[in-house]
Amino acid sequence: EDKVVQSPLSLVVHEGDTVTLNCSYEVTNFRSLLWYKQEKKAPTFLFMLTSSGIEKKSGRLSSILDKKELFSILNITATQTGDSAVYLCAVEKWGSSNTGKLIFGQGTTLQVKP
Amino acid sequence: DVKVTQSSRYLVKRTGEKVFLECVQDMDHENMFWYRQDPGLGLRLIYFSYDVKMKEKGDIPEGYSVSREKKERFSLILESASTNQTSMYLCASSLADTPSSPQHFGDGTRLSIL
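Residues numbered from 1 in each chain as written. Chains lettered and ligands numbered in written order. Predicted model: local features only at pLDDT ≥ 70, side-chain atom pairs only at ≥ 80, totals over all residues. Heavy atoms only, no water.

> I tried to follow the sheet that holds strand S1 (residues 3-7) of chain A on my own but got confused; where do I start?
Each strand in a sheet pairs with another by means of backbone hydrogen bonds, the pair being arranged parallel or else antiparallel. All names here are of chain A. A sheet is described by the order of its strands in space; here five strands give the open sequence S1-S3-S8-S7-S6, paired in antiparallel fashion. In the strand order of this sheet, the two ends are held by S1 and strand S6 (56-58), each with one partner. Averaged over neighbouring strand pairs, the angle between their axes works out to 15° when direction is ignored. Pairing between S1 and strand S3 (residues 19-26): five bridges, direction antiparallel. Residue Lys-3 lies in a different strand from S3, and its bridge partner there is Glu-26. (Pairing = 2+ DSSP bridges. Helix = DSSP H or I, 4+ residues; strand = E, 2+ residues; numbered from the N terminus. Axes fitted to C-alpha atoms, helices over the stretch in contact; angles between N-to-C directions.)

Dropping the structure here:
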């Protein structure tokens, strides 16, 4: 059975700290791995990773994928209170109609205190 | 920017009612998806559609059906609502893809079945 596991499930840090969020997976027909940020509303897209070892970066956020060990990490440096959110990891697999299907982890709830 | 619009943010219905949740996207995306999000379980795929009038079951289709008569609109139908269908429902869309295109989400409908 396909599964995506995120850790930790919740995390409390202070502004300025660096955090690392983990995502491990066991999914057949892997296509890509995605990270989303969810505040009160829609999950917003952060990164899509398809190749091992290539870091993707956007401001203070970065992510990397290891397809051999089947995991990804999301790093946030110099955290701010606006980074408080649920971070979702999802693995996309090939579906029968050639459409990618997402399998989500439970999410990591990050709280950044001033 | 991709815009995925769900018709209601909050909805309260009674057990046994037929419930319609509507989703519209404005980016000419081929693929559309319906998820439900529950604490501790993450997002789970109910149904998806890769073209007009085409649909496929996701991981938890029981008790639901869908309709896609126009490319921009994807409806989720609860044939006879039950209390265990109380949840947050999220719609998403993406391009038919090579390479992969990320899914973009609406703000969600929080549905309560009394």
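Once the structure has been displayed, the description carries forward.
> Looking at this model, I keep getting lost on the packing of aromatic side chains. Mind explaining?
For any pair of aromatic rings, the description rests on two quantities: the centre-to-centre distance and the angle between the ring planes. Residue and element names in this part refer to chain B. One pass over the structure, following the stated rule, counts 10 aromatic pairs over all chains. Ring plane angle 25° and centroid distance 6.3 Å describe the contact between Phe-33 and Tyr-35, whose orientation is recorded as stacked. No difference in accessibility class separates Phe-33 from Tyr-35, as the two residues are buried. Where Tyr-35 meets Phe-105, the ring centres are 5.6 Å apart and the plane angle is 40°; that geometry is what we call tilted. A residue pair is termed long-range when its members are at least 10 positions apart, and Tyr-35 in strand S4 (residues 31-38) and Phe-105 in strand S10 (residues 104-105) qualify at 70 residues. Exposure class is identical for Tyr-35 and Phe-105. Each is buried. (Phe/Tyr/Trp six-rings, centres within 6.5 Å; stacked < 30°, edge-to-face > 60°. Buried < 20%, exposed > 50% of the residue type's maximum accessible area, 1.4 Å probe, protein only.)

> Before we go on, may I ask you to explain the interface of chain A and chain B in this structure?
Quoted interface sizes are often the accessible area lost when the parts come together. Of the residues lining the interface, 23 residues belong to chain A; the matching set on chain B comes to 22 residues. Between chain A and chain B, the buried area comes to about 1,800 Å², and carbon and sulfur atoms account for 55% of it. When the buried surface of chain A facing chain B is broken down by residue, Thr-99, Lys-101 and Phe-104 of chain A rank first, second and third, together holding 25% of it. At the junction of chain A with chain B, the criterion picks out zero salt bridges. Viewed at the interface, chain B and chain A are joined by two residue pairs in polar contact (both at pLDDT 80 or more). Of all the secondary-structure elements, those providing two or more residues to the side of chain A that touches chain B are strand S4 (30-38), strand S5 (44-49), strand S9 (85-94) and strand S10 (100-104) of chain A. In terms of residue count, S4 of chain A provides more of the side of chain A that touches chain B than any other element does, five residues in total. Looking at the side of chain A that touches chain B residue by residue, the classes come out as nine nonpolar, nine polar and five charged. (Contact = heavy atoms within 4.5 Å. Buried area = accessible area lost by both parts, 1.4 Å probe. Salt bridge = Lys/Arg side-chain N within 4 Å of Asp/Glu carboxyl O. Polar contact = N/O pair within 3.5 Å; in protein donor to acceptor, adjacent residues only side chain to side chain. Nonpolar A, V, L, I, M, F, W, Y, C, P; charged D, E, K, R; others polar.)

> So what exactly am I meant to see when it comes to the pattern of salt bridges here?
Any two side chains of opposite charge can pair if their charged atoms end up close together. Tallied over the full model, the rule gives 10 salt bridges over all chains. We note a salt bridge from Asp-83 of chain A to Arg-60 of chain A, for which the minimum N-O separation is 2.8 Å. Here Arg-60 of chain A lies in the loop between S6 and strand S7 (61-66) and Asp-83 of chain A lies in the loop between strand S8 (71-76) and S9, a separation of 23 residues in the sequence. Accessibility expressed as a relative area gives 25% for Arg-60 of chain A, which makes it partly exposed. In this structure, Glu-69 of chain B and Lys-53 of chain B form a salt bridge, with 2.4 Å as the shortest nitrogen-oxygen distance.

> I'm lost on a positive patch on the surface in this one. Help?
On the surface, Lys-41 of chain A together with Lys-3, Arg-9 and Arg-110 of chain B cluster together into a positively charged patch. Following the sequence through the fold, Lys-3 of chain B ends up in the segment before strand S1 (4-6). (Patch = residues over 30% accessible without salt bridge, like charges linked within 9 Å, V, L, I, M, F, W, Y side chains within 5 Å. Areas by Shrake-Rupley, 256 points an atom, 1.4 Å probe, with all protein chains shown as cover. Lys, Arg positive; Asp, Glu negative; His and termini not counted. Charge placed at Lys NZ, Arg CZ, Asp CG, Glu CD.)

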